[in-house]
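Residues per chain are reported as follows:
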Amino acid sequence: MNPTLTRRSFLKITGLTIAISATPFGYEIINASDQKGSFKPNAWFEITPDNKIMVNVGASEMGQGIRTALAMLVADELEADWKQIRVRQADAHNDYFNPVMHVQVTVASASVRGFYDPLRKAGAAGRAMLVTAAAQTWKVPEGECTASNGTVKHKKSNRSLTYGQLCLKAAKLEVPKELRLKNESEFRYVGKPMPRVDIPEKVAGKAIFGLDVRVPEMLYGAVARPQAYGAKPVSFDQKAAEAVKGVRTVVPTPHGIAVVAESLDAAWKGRDALKVQWDKGSHPDISSDFVEKHYFEGLDKPGKVAISTGDAKKAIDEASKKVEATYFVPFIAHATMEPMNATASVQNDRCDVWAPTQGQTVAQMVASKISGLPPEKVHIHTTYLGGGFGRRSEPDFVIDALIASKAAGKPVKVVWTREEDMKHDAYRAATCQRIQVGLDSQGRVTGWNHKVSCTSILRFLNPDWMTKEGIDLFSLFGILDPPDPKVYSRTTYEFPNWYVEQVLSDLPIPASPWRSVQNAPNAFVVECFMDELARAAGKDPVEFRLPLLANNMRARRTLQTVAEKAGWGKPMPKGKGRGIAQHACFGTYVAQVADVSVNEANGTVKVDRVVAAVDCGPVVNPDPLIAQIEGAIVMGLSTIFKEKIEFANGGVKSANFDDYKLIRMSDTPEIEVHIVKSTEAIGGIGEPGVTPTAPAVANAVFAATGARIRRLPMTPEVVLAAMKNK
Amino acid sequence: MKISLNVNGKNYPVDVSEDTPLLWVLRDNLKLTGTKYSCGIGECGACTVHINGKATRSCTIAVGDVKGKKITTIEGLPESHPVKRAWIEEQVVQCGYCQPGVMMQVAALLSESRNPNPEKVIGAMDDVICRCGTYPRIKKGIRKAAQLMKKGGKIG
């Protein structure tokens, strides 16, 4: 007997349930109503007879407003009343795979751009099925029935039924093959500022983040970690740790030695009692100076050719003017306000993980491996994330909790201190780059020769994604990008003779995606150098860029919009400067103008205003979009002025917010965000806003002082040194 | 050791050593997890609570030092409090992890000065860190809360 038919025959249907199932070719919209009761529904939404609509969101909420945006897409096409909508965080399941990323993960600003079409279609399918159900009930043609704001109406007979009343009948229907999507003018919610559904419980102090998880019989874990990369324990006093009141067990993990105890205080005391002696590690020479020298020396080593079109070297040799500069961007931390943590419960027949994770699929994979259970017995429960920025797409913090729980036989919450979080991050990769460009007599680019000495992100993230030539395209985002996953992170410029070479570092300092991956540091280098070229060509920086963007209408339009809004070209008083930069990634175009005041005596820079223009195609929820750009600009400013990981004794020296400073309110300028009205393809909004901020500010400092900033962070010492060199 | 704590108007007996930071007693013993751990050294303000009405970092104050004092956490700020209302109206929050501490800092500022000038705002708010960069919205939220207070909102 067909098992599906069995379920259909015997199970009571409790509502209309629509799922989006990932297929090797994309996705399909399915009626999952008949599955309810047999196993946990992996539905995107469910309409129940109490007239409520539950939207299950598989993406991680970290402040970008994703629960609201995805629910808006469903509600709009479904013609639901927003008051009916409830939003719930879904557990890990293949049916929440992001169609762009092919796994369940919240990265690459991919949630709205990945689910814009599928969720609209899922909503439209539900609406069509409810209309059919109403037409069948009233025995009238479907064309005479209209769905509006949570009810289906038959105008001629003045009858109406709510979605709650129709859902059981609709649940027995097939998903229509042809779906009619709304025109923009018909949108009820999309494009209008909808209050975020997660904000009230966050304001109340009731939102549950990973660190707030509490499960019955839960123990606490703390991990002793080495100072130096690659260091192994020489000795430790397990008995002393076990003698601490409340300590249950001591267990090694891939990252150190975990102490599991009845309270966090006891776990920390037990960890201190271990008195671990570590060896010197694999690279005891690592220090801040060593690291910086290493990346500069990379530029003198032979690299691998990432792209070569035409003959850049010849074009530059024959050019009437040659311009060259070298830039350096250091390692920086994610520094999410919520330190890393996870709670795991490994049992004989099931495994549960409660984690503030951006990567449900990878968390499920590691939990399956450690527990020895198949993925369907591993339940990943995503909490709110106290910041993500890419850090939480890594599974390291989940692994420790799983190992600790397996050893203790109880649920264990492993909590990282801020110091552990700072010292054991997988950082935004450091990079040192040299660009040589030839200009012809009219100041046009004839050839572009670009050498990038950097850390490989993929070496730590997934070495299988390197190109067969051994190029790490993730470390080149903003210059070049892979065909899949679609990240739209190739430079917006076109160069007649273009050569890019990559030298990858062999240092053990781990790197991972950091808000825009490497788009931000690479945009800093390219956009500052564009400013240098414009000056060398004797042209205005906007005018200089436009011919290189001849085939990129969106980039040109965004740049011109910000120039107009910011009053580009108007003279500035002495000591003040205005700079501009533009960049595109994840399908979104952002340009920014920064106004700065520079104190030439002490080298301090104050940013007075940043104006941004953004084209992300169709806008789903405009207010969180503006908030993302505002926040990204503030974070960008933090990286320009404050942030740099310091190294010593073979590992990380920076430890906490007293020696790794972040931007505060007093350094935050006025920010204006202008959305470019656009009907082009939809792009992401979480990351692109951070990319033009650093170069716009550095270019403004040049405009104010004539000093060229070619390294970050732009401390007063760096500014004073640049002024001396001008 | 048994200690009696007055939190959000209620007395709680807790059995902890006197040197335990107040933060962990609130979170793990009293299950008031709205107060957040982030730096543990009083640098970021995510753990801010009120002690006798004054904004205080609960991560660096020992529970033994707050016996007999009035402790207020984010959960003790009423829903109708102008800061909570303003934070929703201005959609200040992003990830929201730092915001309980930020809101407690603002509530203390506004109870001291009902209409603080920009210097006073920055003077108080530079004690807290928001990694999402909501500072422009925090400024807006403070202005909104001050307006709501003028219209007769209580500050709790």
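Residues numbered from 1 in each chain as written. Chains lettered and ligands numbered in written order. Predicted model: local features only at pLDDT ≥ 70, side-chain atom pairs only at ≥ 80, totals over all residues.

Describing the overall build of chain B
Counting secondary structure elements, chain B contains five helices and five strands. For chain B, the α and β elements follow one another from N to C terminus as β-β-α-β-β-β-α-α-α-α. Computed over the C-alpha atoms, the radius of gyration of chain B is 15 Å, within 12% of the 15 Å expected from 2.2 N^0.38 for a compact globule of 156 residues. Going through the 156 residues of chain B one by one, you find that 56% of them count as buried. A separation threshold of at least 6 residues defines the contact pool for chain B, and within that pool the share at least 24 residues apart is 64%. (Helix = DSSP H or I, 4+ residues; strand = E, 2+ residues; numbered from the N terminus. Rg over C-alpha atoms; globule rule 2.2 N^0.38 Å. Buried ≥ 20, exposed ≤ 12 C-beta atoms within 10 Å, placed from the backbone. Contact = placed C-beta atoms within 7 Å.)

Re the interface of chain A and chain B
Counting residues at the interface gives 44 residues for chain A, matched by 40 residues for chain B. Counting residues per element, the ones that place at least two in the side of chain A that touches chain B are α5 (199-204), α7 (264-274) and α17 (622-641) of chain A. Ranked by the residues each element gives to the side of chain A that touches chain B, the list is headed by α17(A), at six residues. For the side of chain A that touches chain B, the residue count by class is 22 nonpolar, eleven polar and eleven charged. (Nonpolar A, V, L, I, M, F, W, Y, C, P; charged D, E, K, R; others polar.)

Re the nonpolar core
Membership of the largest hydrophobic core comes to 295 residues, with the highest contact counts inside it found for A:L70, A:V74 and A:V701. For this core, the leading source of residues is helix α3 (residues 111-138) of chain A, giving 13 residues. (Core = buried A, V, L, I, M, F, W, Y, C linked by C-beta atoms within 7 Å.)

A word on the domain arrangement of chain A
Residues and elements named next belong to chain A. Here chain A is described as being made up of domain 1 (3-188), domain 2 (210-280 + 340-415) and domain 3 (288-330 + 427-724). Using C-alpha coordinates to define each centre, domain 1 is positioned 38 Å away from domain 2. Of the residues lining the interface, eleven residues belong to domain 1; the matching set on domain 2 comes to 17 residues. Of the residues in the side of domain 1 that touches domain 2, the class split is five nonpolar, four polar and two charged. (Domains from an automatic or database assignment.)

Here's the deal with the sheet that holds strand β5 (residues 70-72) of chain B
Residues and elements named next belong to chain B. Taken in spatial order, the five strands line up as β2-β1-β5-β3-β4 in an open sheet, and their pairing is mixed. The open sheet has two edge strands with one neighbour each: β2 (10-15) and β4 (54-57). The sheet shows a mean angle of 40 degrees between the axes of neighbouring strands, taken without regard to direction. With two bridges connecting them, strand β1 (residues 2-7) and β5 associate as parallel partners. If you follow V7 over to β5, its bridge partner there is I71. Along the sheet, helix α3 (residues 99-112) contacts β3 (48-51) and β4; its crossing angle with β3, the most-contacted strand, is approximately 35 degrees. (Pairing = 2+ DSSP bridges. Axes fitted to C-alpha atoms, helices over the stretch in contact; angles between N-to-C directions.)

Observations regarding the packing of α3(B) against helix α5 (residues 135-150) of chain B
All names here are of chain B. Remark: α3 packs on α5, axes separated minimally by 11 Å, with the N-to-C direction vectors making an angle of 45 degrees. When the axes of α3 and α5 are compared, the pair comes out oblique. Considering how the two elements wind past one another, α3 and α5 form a crossing that is right-handed. Packed against α3, whose contacting residues are V102, V106 and L110, the element α5 presents I138, I142, A145, A146 and M149 at the interface. Per-class residue counts for the contact of α3 with α5 are eight nonpolar, no polar and no charged. (Parallel < 35°, antiparallel > 145°, perpendicular 65-115°, else oblique. Left-handed = near helix turned anticlockwise from the far one by under 90°.)

Some words on α17(A)
Here α17(A) is 20 residues long and its end C-alpha atoms lie 29 Å apart, about the 28 Å a rise of 1.5 Å per residue gives. Burial analysis of α17(A) places 18 of its 20 residues in the buried class, which makes it a mostly covered element. (Expected span 1.5 Å × (residues − 1).)

What about the domain arrangement of chain B?
All names here are of chain B. What the domain assignment lists for chain B is domain 1 (2-76) and domain 2 (82-150). In this structure, domain 1 and domain 2 have C-alpha centres spaced 21 Å apart. Tallying the contact residues gives 14 residues for domain 1 and 13 residues for domain 2. Among the elements of the structure, β3 and β4 are those that each provide at least two residues to the side of domain 1 that touches domain 2. Broken down by element, the side of domain 1 that touches domain 2 gets its largest block of residues, three residues, from β3. Looking at the side of domain 1 that touches domain 2 residue by residue, the classes come out as six nonpolar, six polar and two charged.

As for helix α11 (residues 396-408) of chain A
Residues and elements named next belong to chain A. Under the 1.5 Å per step criterion, the end-to-end length of α11 is 19 Å for 13 residues, consistent within 8% with the ideal 18 Å. A large share of α11 lies buried, amounting to ten of its 13 residues. Where α11 is concerned, the buried positions are F397, V398, I399, D400, A401, L402, I403, A404, S405 and A408. Following α11 by one or two positions, G409 adopts a phi angle in the positive range, close to 70 degrees.

Some thoughts on the confidence of the model for chain B
Detailed reading of the predicted coordinates is not advisable wherever pLDDT falls low. Considering every residue of chain B, the mean pLDDT works out to 95; 97% of them sit at 70 or more. As a predicted assembly, this complex carries a pTM of 0.97 together with an ipTM value of 0.98. (pLDDT = per-residue confidence, 0-100.)

What to know about unusual backbone geometry
All names here are of chain A. The omega torsion of the bond from D484 to P485 falls at 0 degrees, within 30 degrees of zero and hence cis. Its place among the elements puts P485 in the loop between α13 (458-461) and β22 (498-504). A positive phi is found at F389, a non-glycine position, where the angle reads about 60 degrees. Looking at the element boundaries, F389 is found in the loop between β18 (378-382) and α11.

What about the pairing of strand β8 (residues 159-162) of chain A?
Residue and element names in this part refer to chain A. Where strand β7 (residues 151-154) and β8 come together, four bridges link them in antiparallel fashion. Within β8, the residue paired with K153 across the bridge is S160. Taking the residues that link successive antiparallel strands as the turn, the β7-β8 hairpin has four residues, and the phi of N158 there is positive, at about 55 degrees.

Overview of the packing of helix α14 (residues 519-536) of chain A against helix α18 (residues 693-705) of chain A
Residues and elements named next belong to chain A. Viewed as axis vectors pointing N to C, α14 and α18 meet at an angle of 30 degrees, and their least axial separation amounts to 8 Å. Looking at the two axes, α14 sits roughly parallel to α18. For the pair α14 and α18, the crossing hand works out as right-handed. The segment α14 lies against α18, with A520, A523, F524, E527, C528 and D531 engaging A694, P695, A698, N699 and F702. Considering only residue class, the contact of α14 with α18 consists of eight nonpolar, one polar and two charged.

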